[in-house]
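# Analysis of the macromolecular model
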Amino acid sequence: MTMKSDYTWNQINIPLLGEAAFFLDFDGTLVDIAPTPDSVKVERGLTETLQILRRLLGNALAVVTGRPIGQIDHFLPHIPYAVAGEHGGALRFSPEGPIQNGSLPSIPQRWLEEAENFAQHHEGVIVEKKNNGFVLHFRKVPELENRLHKMAEEWVGHQPDSFELQSAKMAWEIRPKGVDKGQAVYTLMEQPPFRGRKPVFIGDDITDEDGIKAAQALGGVGYRIPHDFPDSGTVRVWLKSLVEGAEK
Ligand SMILES: O=P(O)(O)OC[C@H]1O[C@H](O[C@H]2O[C@H](CO)[C@@H](O)[C@H](O)[C@H]2O)[C@H](O)[C@@H](O)[C@@H]1O
């Protein structure tokens, strides 16, 4: 996707990079939405931009995503300093550090089997497994949205204190209750190299709202596609312009 020609980012105000900590969402923010989770493309130049940005931020660069952390290692190897995966359910504070999962409930095996059985009989449905949840993707078969919703609602209804149903982009996600991207921001901001800096959160989805609110509450800023940036392509152009401006 390309930047809209009439768009300027005058309204995007961020702290000086030397005082900021960046928290960036992945799907729909750093990369364009793709037909399947596996088929996203990391645009040429993005890794270099993020490497320079991380240096300018004194390492205070985190990716905060719904995906498991291993997928960020696959798509952006050695790029962010910290990663919050599974909407904050998994945290890795530094590149070589352990992944901390907390004590989250495990998804009942029966739910997963039923989901996989449904996917086997309905071409186009993708079941994406996570450590403490799973996603039912219906991007290729939007007509199945309501049926999948009903199934997922029923499962979660059996354990409403442990799990919740999250509406996602052309998907339904079953995830542990009580984790969110805002908590991830608060937790990371307590640790170096984030501590003492002003958080900047950029995201595109409803789950990013918690991260944006946390960044604002901590004295920083948060911006969301499409309200503040029209699309992910524009975010990438903006990031590139930031590092180029700082390096001049
Ligand atoms: O928090 P994010 O980094 O934005 O991750 C949110 C979910 O993104 C992925 O699903 C979405 O993107 C796919 C690739 O573009 C797309 O095919 C799918 O329809 C979208 O829902 C990812 O698969 C999920 O695990 C993330 O939770």
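Residues numbered from 1 in each chain as written. Predicted model: local features only at pLDDT ≥ 70, side-chain atom pairs only at ≥ 80, totals over all residues.

### Some thoughts on the sheet that holds strand E7 (residues 163-168)
Basically, it comes down to this: Pairs of strands are assigned from DSSP output, requiring at least two bridges between the strands. Helix and strand labels come from DSSP, where a helix needs a run of H or I of at least four residues and a strand needs a run of E of at least two; each type is numbered from the N terminus. To obtain each axis, a line is fitted to C-alpha atoms, and for helices this fit is confined to the stretch in contact; angles are then taken between N-to-C directions over 0 to 180 degrees. Each residue is represented by a C-beta atom placed from its backbone, and any two residues with such atoms within 7 Å are regarded as in contact.
Strand order in this open sheet of four strands is E5-E6-E8-E7, and the pairing throughout is antiparallel. The sheet terminates laterally at strand E5 (126-129) and E7, the two strands that pair on one side only. Going across the sheet, the axis of each strand differs from the next one's by a mean of 20°, ignoring polarity. Lying over the sheet, helix H3 (residues 109-121) contacts E5, strand E6 (134-137) and strand E8 (171-176), oriented at roughly 150° with respect to E5. Its contacts with the sheet put helix H4 (residues 145-158) on E6, E7 and E8, and the angle it makes with E8 is roughly 10°.

### Overview of the environment of Arg-197
By the secondary structure assignment, Arg-197 is in the loop between helix H5 (181-188) and strand E9 (198-203). A sequence separation of 103 residues divides Arg-197 from Ser-94, and the C-alpha atoms of the two residues are 17 Å apart. Other than its neighbours up to four places away in sequence, Arg-197 contacts Glu-19, Ala-20, Ala-21 and Ala-60.

### Considerations on the site of the ligand
Note the following rule: Note on definitions: a residue is near a molecule or strand provided its C-beta atom, placed from the backbone, lies within 6 Å of it. Three residue categories are used. Nonpolar comprises Ala, Val, Leu, Ile, Met, Phe, Trp, Tyr, Cys and Pro, charged comprises Asp, Glu, Lys and Arg, and polar comprises the others, including Gly. Domain start and stop points were drawn from an automatic or database domain assignment.
For the ligand, the set of nearby residues contains 23 residues, the closest of which are Phe-26, Asp-27, Pro-37, Thr-65 and Gly-66. The class makeup of the residues in the shell around the ligand is ten nonpolar, six polar and seven charged. Counting residues domain by domain, the shell around the ligand receives three or more from each of domain 1 (17-102 + 179-247) and domain 2 (109-176).

### Examining the packing of helix H1 (residues 46-56) against helix H7 (residues 232-247)
Between two packed helices, what matters for the description is the angle formed by their axes and the separation of those axes. Heads up, the rule is: Angles are sorted into four bins: roughly parallel if under 35 degrees, roughly antiparallel if over 145, roughly perpendicular if 65 to 115, and oblique for all others. For any helix crossing, the convention is left-handed if the near helix is rotated counterclockwise from the far helix by under a right angle, and right-handed if that rotation is clockwise.
Packing of H1 against H7 brings their axes to within 9 Å, and their N-to-C directions diverge by 50°. One way to sum up the angle between H1 and H7 is to call them oblique. When you trace H1 past H7, the crossing you get is left-handed. The segment H1 lies against H7, with Leu-46, Thr-49, Ile-52, Leu-53 and Leu-56 engaging Arg-236, Leu-239, Lys-240, Leu-242, Val-243, Ala-246 and Glu-247.

### A few points about the sheet that holds strand E1 (residues 20-24)
Read across the open sheet, the six strands follow the order E4-E3-E2-E1-E9-E10; overall the sheet is mixed. Two strands in the sheet have a free side with no partner beyond their single neighbour: strand E4 (90-92) and strand E10 (221-224). Adjacent strand axes in the sheet meet at a mean angle of 15° when their direction is disregarded. As paired strands, E9 and E10 are joined by four bridges and run parallel to one another. Residue Gly-203 lies in a different strand from E10, and its bridge partner there is Arg-224.

### Here's the deal with unusual backbone geometry
Generally, phi is negative for residues other than glycine and the peptide bonds are trans, each holding for most cases. Operational definition: Between the buried cut of 20 or more and the exposed cut of 12 or fewer other C-beta atoms within 10 Å of a residue's own C-beta lies the partly exposed class, and all C-beta atoms are placed from the backbone.
In this model, Pro-192 is joined to Pro-193 through a cis peptide bond whose omega is 5°. Relative to the helices and strands, Pro-193 is located in the loop between H5 and E9. Looking along the chain, the bond that leaves Ile-225 and enters Pro-226 is cis, with omega of 5°. Turning to its location among the elements, Pro-226 is positioned in the loop between E10 and H7. Positive phi values are uncommon outside glycine, yet His-87 reaches one of about 60°. Position of His-87 among the secondary structure elements: in the loop between strand E3 (82-85) and E4. On the basis of neighbour counts, which here come to 28 C-beta atoms within 10 Å, the residue His-87 falls in the buried class.

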